[in-house]
Amino acid sequence: MKINFIDLKAQYADYKAEIDSEVAQVFSTAQFIGGEKLNSLEKNLADYTGVDHVIGCSSGTDALLLSLMALDIGRGDEVITTPFTFIATAEVIAFLGAKSVFVDIEENSYNIDPTKIEAVITEKTKAIMPVSLYGQCANMDAINEIAKKHDLPVIEDACQSFGATYNGKKSCNLSTIGCTSFFPSKPLGAYGDGGAVFTNDKELEEKIRMLLNHGQNERYKHKFIGINGRLDAVQAAILGVKLKHFEKEVKTRDEIGTRYNDLLEDANVITPKISQGNTSVFAQYSIRVEDREAMVAKLSAKEIPTAVHYPVPLHLQECFSNLGYKEGDFPISEKISTQIMSLPMSSYLTQEEQDYIVEAIKG
């Protein structure tokens with residue numbers, strides 16, 4: 001059985017007529033930057049999350065970068081985050097000349113451990129950036145409480161958790177700023193790069209809109225040094241269609257993730273643990289195994305694709321060697337990075353395919 005890791009072709013086949021029509025409208029108007037499709041998407045994303053302001057942008061990475069820029073974070077500042085995440089989280093901090101201060105993760109959720117945050121806050125700390133990894137939110141209440149105590153903004157890196165909920169509230173509407181990615185493989189994905197910033201702060205919204213358009217407050221009048229971080233109208237049109245069907249896909253992803261957990265209960269693997277009060281969109285369905293290399297080889301022999309998110313924690317990456325961290329500093333992140341692996345996951349994964357995968361794991 002040939003199985004796709006993520007079945008974007010099946011999804012396109014389902015929505016083809018709607019997507020093609022929306023994209024054709026963009027081409028017929030020749031309004032490729034901004035315009036009605038982007039405005040409509042931003043409004044619908046705001047309605048979906050319950051947030052006041054949504055700003056579409058060019059990628060999840062740029063969403064994080066724009067958020068830091070809007071908070072005036074720069075050289076000499078410190079941002080507290082996790083070493084167990086994709087490099088973009090810490091990359092944007094370094095790009096602005098600031099320093100990532102890492103905190104280890106919880107072993108069950110793989111998200112930043114709030115109990116370890118306060119110990120690393122200094123007078124240079126300017127923000128906390130938790131990551132809602134693999135599709136479920138970090139412990140945002142505890143993080144926000146610490147942030148409030150120390151008068152710090154919180155940026156939720158929700159690039160993997162759009163559609164998830166935390167105590168009944170949507171990811172991206174849980175802190176000062178939320179950021180997500182619309183990379184094609186995400187639960188809500190474009191057909192290219194894309195992202196969005198979410199905030200209830202009107203001043204931050206206005207500043208971010210200027211920053212993503214070269215810092216302009218009106219044409220050729222530049223209030224800030226900005227970037228070219230706009231989301232184009234074609235991607236906005238595609239995302240607008242997919243958003244209409246998104247809640248149905250979120251429900252299906254939850255059912256598939258729950259079924260994986262049930263089927264693998266008696267297998268020699270550690271399945272995802274969803275924290276109380278959370279739902280997950282299972283951006284990845286990631287299990288832990290003692291001998292990952294052997295498991296990957298066994299599944300590969302059955303033509304079952306896998307992926308590893310993430311094999312090397314950020315504090316051990318060569319590009320962050322200047323931060324002075326060493327092996328052993330974040331033992332939970334380091335242990336998880338040797339065991340974690342992701343199985344095929346999309347709302348189009350069939351029960352037959354899932355059974356085949358589970359049988360191969362147990363075999």
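All figures in this text were calculated on a predicted structure; none of them were measured in a lab.

Asks: Lay out the sheet that holds strand β8 (residues 177-181) in plain terms, naming residues and giving numbers.
Replies: The strand order across the open sheet formed by 4 strands is β1-β9-β8-β5, and the pairing between neighbours is mixed. Both outer strands of the open sheet, β1 (53-57) and β5 (155-157), are each paired with one neighbouring strand and no more. Adjacent strand axes in the sheet meet at a mean angle of 20° when their direction is disregarded. Pairing of β1 with strand β9 (residues 195-199), which is carried by 5 bridges, proceeds in the antiparallel orientation. Within β9, the position partnered with Ile 55 by the bridge is Val 197. In the packing of helix α3 (residues 60-70) onto the sheet, the strands contacted are β1, β5, β8 and β9, and the crossing angle to β8 comes to about 160°.

Asks: An account of the packing of helix α8 (residues 292-301) against helix α10 (residues 351-362) is requested, with residue identities and associated values reported.
Replies: For any two helices packed against each other, the geometry is given by the interaxial angle and the distance between the axes. Two elements in contact, α8 and α10, have axes whose closest approach is 9 Å; the angle formed by their N-to-C orientations is 130°. With respect to α10, the element α8 is oriented oblique. The interaxial crossing formed by α8 with α10 has right-handed handedness. The segment α8 lies against α10, with Met 295, Lys 298 and Leu 299 engaging Ile 357, Ala 360 and Ile 361. By residue class, the composition of the contact of α8 with α10 is 5 nonpolar, no polar and 1 charged.

Asks: How would you summarise the sheet that holds strand β2 (residues 78-81) if you had to cite specific residues and measurements?
Replies: The parallel open sheet is built from 3 strands, whose spatial order is β3-β2-β4. A single partner strand is all that each edge strand has here, and the edge strands are β3 (99-102) and β4 (125-128). Taking each pair of neighbouring strands and ignoring which way they run, the sheet shows an average axis angle of 30°. As paired strands, β2 and β3 are joined by 4 bridges and run parallel to one another. Bridge pairing in β3 places Glu 78 opposite Lys 99. Packing of helix α4 (residues 88-95) onto the sheet brings it into contact with β2 and β3, and relative to β3 it is tilted by some 140°.

Asks: Break down the packing of α3 against helix α6 (residues 202-211) for me, citing the residues and quoting the values.
Replies: Two numbers describe how α3 lies on α6: the axes approach to 9 Å, and their chain directions differ by 120°. Relative to α6, the element α3 is oriented oblique. Crossing hand, α3 versus α6: right-handed. Seen from α3, the contacting residues are Leu 66, Met 69 and Ala 70; seen from α6, they are Leu 204, Lys 207, Ile 208 and Leu 211.

Asks: Explain the pattern of salt bridges to me, and be specific about the residues and the numbers.
Replies: Evaluated as defined, the whole model comprises 19 salt bridges. In this structure, Glu 22 engages Lys 37 in a salt bridge whose closest nitrogen and oxygen atoms are separated by 2.8 Å. Of this pair, Glu 22 sits in helix α1 (residues 8-29) while Lys 37 sits in helix α2 (residues 36-49), and the two are 15 residues apart along the sequence. Like Glu 22, the residue Lys 37 is buried in the burial classification. Because the salt bridges share partners, they merge into one network encompassing Glu 42, Lys 202, Glu 205, Glu 206 and Arg 209.

Cut-offs and rules
- Residues numbered from 1 in each chain as written.
- Predicted model: local features only at pLDDT ≥ 70, side-chain atom pairs only at ≥ 80, totals over all residues.
- Heavy atoms only, no water.
- Pairing = 2+ DSSP bridges.
- Helix = DSSP H or I, 4+ residues; strand = E, 2+ residues; numbered from the N terminus.
- Axes fitted to C-alpha atoms, helices over the stretch in contact; angles between N-to-C directions.
- Contact = heavy atoms within 4.5 Å.
- Parallel < 35°, antiparallel > 145°, perpendicular 65-115°, else oblique.
- Left-handed = near helix turned anticlockwise from the far one by under 90°.
- Nonpolar A, V, L, I, M, F, W, Y, C, P; charged D, E, K, R; others polar.
- Salt bridge = Lys/Arg side-chain N within 4 Å of Asp/Glu carboxyl O.
- Buried < 20%, exposed > 50% of the residue type's maximum accessible area, 1.4 Å probe, protein only.

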